[in-house]
Amino acid sequence: MSDLDLLTRSLARNVKRWRTERGFTLDALAARAGVSRGMVIQIEQARTNPSLGTVVKIGDALGVSITTLLDYAQGPAVRVVPAEQAVRLWHTDAGSYNRLLAGTEAPGPVEMWDWRLMPGEASPSDPHPAGTVELVHVVAGELTLTVDGVAHRVPTGASASFEADTPHTYGNEGDEPMEMIMAVSVPPVR
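It should be emphasised that the depicted structure is a prediction, and the values quoted were computed from it without experimental measurement.

Participant: Would you take a moment to explain the pattern of salt bridges for this structure?
Facilitator: Charged atoms that come close allow side chains of opposite charge to pair. This model, assessed by the stated rule, comprises nine salt bridges. The partner of D27 in a salt bridge is R37, and the shortest N-O contact between them spans 3.0 Å. Within this pair, whereas D27 is found in helix α2 (residues 26-33), its partner R37 is found in helix α3 (residues 37-44), the two being separated by 10 residues in sequence. The partner of E142 in a salt bridge is R153, with the nearest N and O atoms 3.8 Å apart. You can see E142 sitting in strand β6 (residues 142-147) and its partner R153 sitting in strand β7 (residues 150-155), a full 11 residues away along the chain.

Participant: What am I meant to see in the layout of surface pockets here?
Facilitator: Any space left empty among the atoms is revealed by the rolling of a water-sized probe across them. Of the voids in this model, the largest pocket is the one considered here, and its volume is about 610 Å³. G53, V56, D60, S125 and H128 are, among the 33 residues lining the largest pocket, the residues nearest its centre. At the level of secondary structure, the elements contributing two or more residues to the lining of the largest pocket comprise α2, α4 (52-62), β3 (109-117), β4 (122-125) and β10 (178-185). If you tally residues by element for the lining of the largest pocket, the top one is α4, at seven residues. The residue inventory of the lining of the largest pocket, partitioned by class, reads 20 nonpolar, seven polar and six charged.

Participant: Explain the packing of helix α1 (residues 3-22) against α4 here, please?
Facilitator: Angle between the axes and distance between the axes: these two values describe a pair of packed helices. Where α1 contacts α4, the two axes come as close as 10 Å, and the packing angle between them is 25°. When the axis of α1 is compared with that of α4, the two are roughly parallel. By crossing handedness, the relation of α1 to α4 is classed as left-handed. Contacts between α1 and α4 involve L11, V15, W18, R19 and R22 on the former and, on the latter, V55, I58 and L62. Taken together, the residues of the contact of α1 with α4 sort by class into six nonpolar, no polar and two charged.

Participant: Help me understand the sheet that holds strand β9 (residues 168-171) in this model?
Facilitator: Working definition: the strands of a sheet are paired by backbone hydrogen bonds and lie parallel or antiparallel to each other. Pairing is antiparallel across the open sheet formed by four strands, whose spatial order is β4-β9-β6-β7. Every interior strand has two partners, whereas the edge strands, β4 and β7, have only one. The average undirected angle you get between the axes of adjacent strands in this sheet is 20°. Note that β6 and β9 share four bridges and pair antiparallel. Note on β9: the bridge partner recorded for L145 is Y170.

Participant: Looking at this model, I keep getting lost on the packing of aromatic side chains. Mind explaining?
Facilitator: Within a pair of aromatic rings, the relevant descriptors are the distance that separates the centres and the angle that separates the planes. In this structure the tally under the stated criterion is two aromatic pairs. Aromatic side chains W90 and W115 sit 5.5 Å apart centroid to centroid with 40° between the ring planes, which places their arrangement in the tilted category. Placement of the pair is W90 in strand β1 (residues 87-91) and W115 in strand β3, with a sequence separation of 25 residues. Summarising the burial analysis for this pair, W90 and W115 share the class buried. Where W115 meets Y170, the ring centres are 4.9 Å apart and the plane angle is 50°; that geometry is what we call tilted. A residue pair is termed long-range when its members are at least 10 positions apart, and W115 in strand β3 and Y170 in strand β9 qualify at 55 residues. With respect to class, W115 is no different from Y170; both count as buried.

Participant: Just to check I follow, could you spell out unusual backbone geometry for this structure?
Facilitator: Trans peptide bonds make up the majority, and among non-glycine residues the majority have a negative phi. At A46, a residue that is not glycine, the phi angle is positive and equals roughly 55°. Relative to the helices and strands, A46 resides in the loop between α3 and α4. You will see that D148, though not glycine, has its phi angle at about 55°, which is positive. Take D148: its relative accessible area is 53%, and that puts it in the exposed class.

Reading the values: the criteria
- Residues numbered from 1 in each chain as written.
- Predicted model: local features only at pLDDT ≥ 70, side-chain atom pairs only at ≥ 80, totals over all residues.
- Heavy atoms only, no water.
- Salt bridge = Lys/Arg side-chain N within 4 Å of Asp/Glu carboxyl O.
- Helix = DSSP H or I, 4+ residues; strand = E, 2+ residues; numbered from the N terminus.
- 1 Å grid on protein atoms, 1.4 Å probe; cavity = no way out; pocket = protein on both sides within 12 Å on 5 of 7 lines; lining within 4 Å.
- Points joined across faces, edges and corners; volume = space filled by probe spheres on them.
- Nonpolar A, V, L, I, M, F, W, Y, C, P; charged D, E, K, R; others polar.
- Axes fitted to C-alpha atoms, helices over the stretch in contact; angles between N-to-C directions.
- Parallel < 35°, antiparallel > 145°, perpendicular 65-115°, else oblique.
- Left-handed = near helix turned anticlockwise from the far one by under 90°.
- Contact = heavy atoms within 4.5 Å.
- Pairing = 2+ DSSP bridges.
- Phe/Tyr/Trp six-rings, centres within 6.5 Å; stacked < 30°, edge-to-face > 60°.
- Buried < 20%, exposed > 50% of the residue type's maximum accessible area, 1.4 Å probe, protein only.

See below:
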């Protein structure tokens, strides 16, 4: 079984598990996530490989991290994720990418990401649920972080935090690759 097949099946099982645990119908989850009922059905039946944006919306609607949705084994209290098992969820032909390094539920989802953006590239993000906070630390290049239409420059070695319940974009307007580590904390579903 390929890694993609394993992730697709894990996503199917975990979306159905968390939807059932939360007491959501297919229609309720679709409405909360802003995706079609048909998409939720296809995901739960492992018949599609949804976009990162769709997985993020479903995770936010369920109040669980992407790590939890893609987890194919219940791990011990300490979970070490080898470098080769970090999940690359987005990439471009130019060499930009993000990798989900680790995540947990504490008390809401917390995720840690490794990002690379090549010069001239950007990655927009829809607003997350109210109370979501993101932390970024730039390890190379310069990040142009645009939050609610306002651009902020974050140079190498600098960090930034922001409330991520408004539209935001990670961009590289420089001449060299930008690399950053990002943490996302989403409040638990109530």
